[in-house]
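One letter stands for each residue in the lines below.
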Amino acid sequence: MENISQIEHVRRKHVGRYLSAVAVAALATWIVLAFVHGQIDWTIVGHYLTARTILLGLGNTVLMAALAMLLGVLIGVTVAIMRLSANPVANWAAASYVWFFRGTPLLLQLLLWFNLALVFPKLGIPGLFELRTVDVMTPFIAALLGLGINQGAYTSEVVRAGLLSVDQGQYEAASAIGMPRLQALRRIILPQAMRVIVPPIGNELIGMVKLTSLASVIQFSEIVHNAENIYYVNNYVIELLIVAAFWYLIVVTVLTFLQTRLERHYARGARNTKPR
């Protein structure tokens, strides 16, 4: 039998790696050169990066994303608990909500909220107080309701998956010591489910920042809407779009960092399942 220690070791050449690296580098170089030599006035880009209108739109974008996500999480947790309830009415109502708002486009929902006055001319309690819907349903309120309620449908499924990931024994143990169901959810089940819930919710928040751009169709002054208003006047279209893209990337980078920290926080003590 041949002694394998005498066999010459031949290092793998990894030709595929080198070819893919060259292809990626060539593509990246082509994109960079296209932007460098394209018809882009970079002085305009630098000028509008800190323009008041752009920063105002950025602030509105961040504020809307935060409020809509908060509303979506509150609705999502409530609906997820209803979906897991033994009450058939609550279960059916929650399932119908998820079915409708996941089944219709977000842009359509925004337009419906903004034009709600065509269906309900007035809001309130007849005889006590009434307000004109057109005065109540401002672009801000319409965008908040459209984005937040739509997000709640998706968040509810994320939360439900997280709750289902917790071992049934945890529910039984809480019930055995006489802990009410809602208290068990708050103190035992949800903290364990957060390891499953946080990563997709972080992705949903990042997606929400970008989805706020759809609110420009109902005249909400977020960053894309404000950039459009500027380039409609000065015709520097690509320059203003680059400005908007720059600020989106900054916000998303910050959110990604925070998401990573939260994931590490809730993963403490958990068994490491990272593939080797």
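Residues numbered from 1 in each chain as written. Predicted model: local features only at pLDDT ≥ 70, side-chain atom pairs only at ≥ 80, totals over all residues. Heavy atoms only, no water.

Here we look at the overall build of the protein
When its secondary structure is counted, the protein shows 11 helices and two strands. Starting at the N terminus and walking to the C terminus, you meet the elements of the protein as α-α-α-α-α-β-β-α-α-α-α-α-α. Dimensions of the protein, computed from C-alpha atoms along their principal axes, come out at roughly 95 × 70 × 30 Å. Long-range contacts, defined here as pairs at least 24 residues apart, represent 75% of the contacts in the protein between residues at least 6 apart. Accessible surface computed for the protein: about 17900 Å², of which carbon and sulfur atoms make up 65%. When the 21 positive and 13 negative side-chain charges of the protein are each reduced to one mean point, those points stand 10 Å apart. (Helix = DSSP H or I, 4+ residues; strand = E, 2+ residues; numbered from the N terminus. Contact = heavy atoms within 4.5 Å. Areas by Shrake-Rupley, 256 points an atom, 1.4 Å probe, with all protein chains shown as cover. Lys, Arg positive; Asp, Glu negative; His and termini not counted. Charge placed at Lys NZ, Arg CZ, Asp CG, Glu CD.)

Let's talk about the pattern of salt bridges
Oppositely charged side chains can pair when the atoms bearing their charge come close. The full count for this structure, using the stated rule, is three salt bridges. Salt bridges linked by common partners bring R83, E157 and R160 together as one network. (Salt bridge = Lys/Arg side-chain N within 4 Å of Asp/Glu carboxyl O.)

Some words on the confidence of the model for the protein
When pLDDT is averaged along the protein, the result is 86; 91% of the residues meet or exceed 70. Every residue in residues 272-276 is under pLDDT 50, and counting partners more than four places away or in other chains gives zero contacts. (pLDDT = per-residue confidence, 0-100.)

Considerations on the layout of surface pockets
Where empty space is left becomes clear once a probe the size of a water molecule has been rolled over the atoms. In this structure, the largest pocket encloses a volume near 390 Å³. In terms of lining residues, the largest pocket is bounded by 18 residues, among which M69, I201, G202, L205 and L262 are the most central. Elements represented by at least two residues in the lining of the largest pocket include exactly α3 (52-83), α9 (181-211) and α11 (237-267). Among the residues forming the lining of the largest pocket, the class breakdown is 16 nonpolar, two polar and no charged. (1 Å grid on protein atoms, 1.4 Å probe; cavity = no way out; pocket = protein on both sides within 12 Å on 5 of 7 lines; lining within 4 Å. Points joined across faces, edges and corners; volume = space filled by probe spheres on them. Nonpolar A, V, L, I, M, F, W, Y, C, P; charged D, E, K, R; others polar.)

What to know about the nonpolar core
Ranked by size, the top nonpolar core spans 49 residues in total, and within it Y48, I54, L147, I223 and L240 carry the most contacts. Mapped by element, the contributors of at least two residues to this core are α2 (42-48), α3, α5 (106-114), α7 (139-165), α9, α10 (223-234) and α11. The greatest single-element share of this core, amounting to nine residues, is contributed by α11. When neighbours within four sequence positions are excluded, I54 is seen to be in contact with Y48, L49, I223, A227, I230, L240, V243 and W247. Y97, F101, I149 and A153 belong to the second largest nonpolar core, which has seven residues in total. (Core = buried A, V, L, I, M, F, W, Y, C linked by side-chain atoms within 4.5 Å. Buried < 20%, exposed > 50% of the residue type's maximum accessible area, 1.4 Å probe, protein only.)

Here we look at the packing of α3 against α7
Where α3 meets α7, the closest approach of the two axes is 6 Å, and the angle between their N-to-C directions is 40°. Taken together, α3 and α7 sit at an angle that is classed as oblique. The two elements α3 and α7 cross, and the hand of that crossing is right-handed. Here the contact of α3 with α7 is composed, by residue class, of 17 nonpolar, seven polar and three charged. (Axes fitted to C-alpha atoms, helices over the stretch in contact; angles between N-to-C directions. Parallel < 35°, antiparallel > 145°, perpendicular 65-115°, else oblique. Left-handed = near helix turned anticlockwise from the far one by under 90°.)

A closer look at the environment of R160
Mapped onto the elements of the fold, R160 is located in helix α7. For the pair R160 and T78, spaced 82 residues apart in the sequence, the C-alpha separation amounts to 10.0 Å. Once residues within four sequence positions are removed from consideration, R160 is found in contact with A80, R83 and L84.

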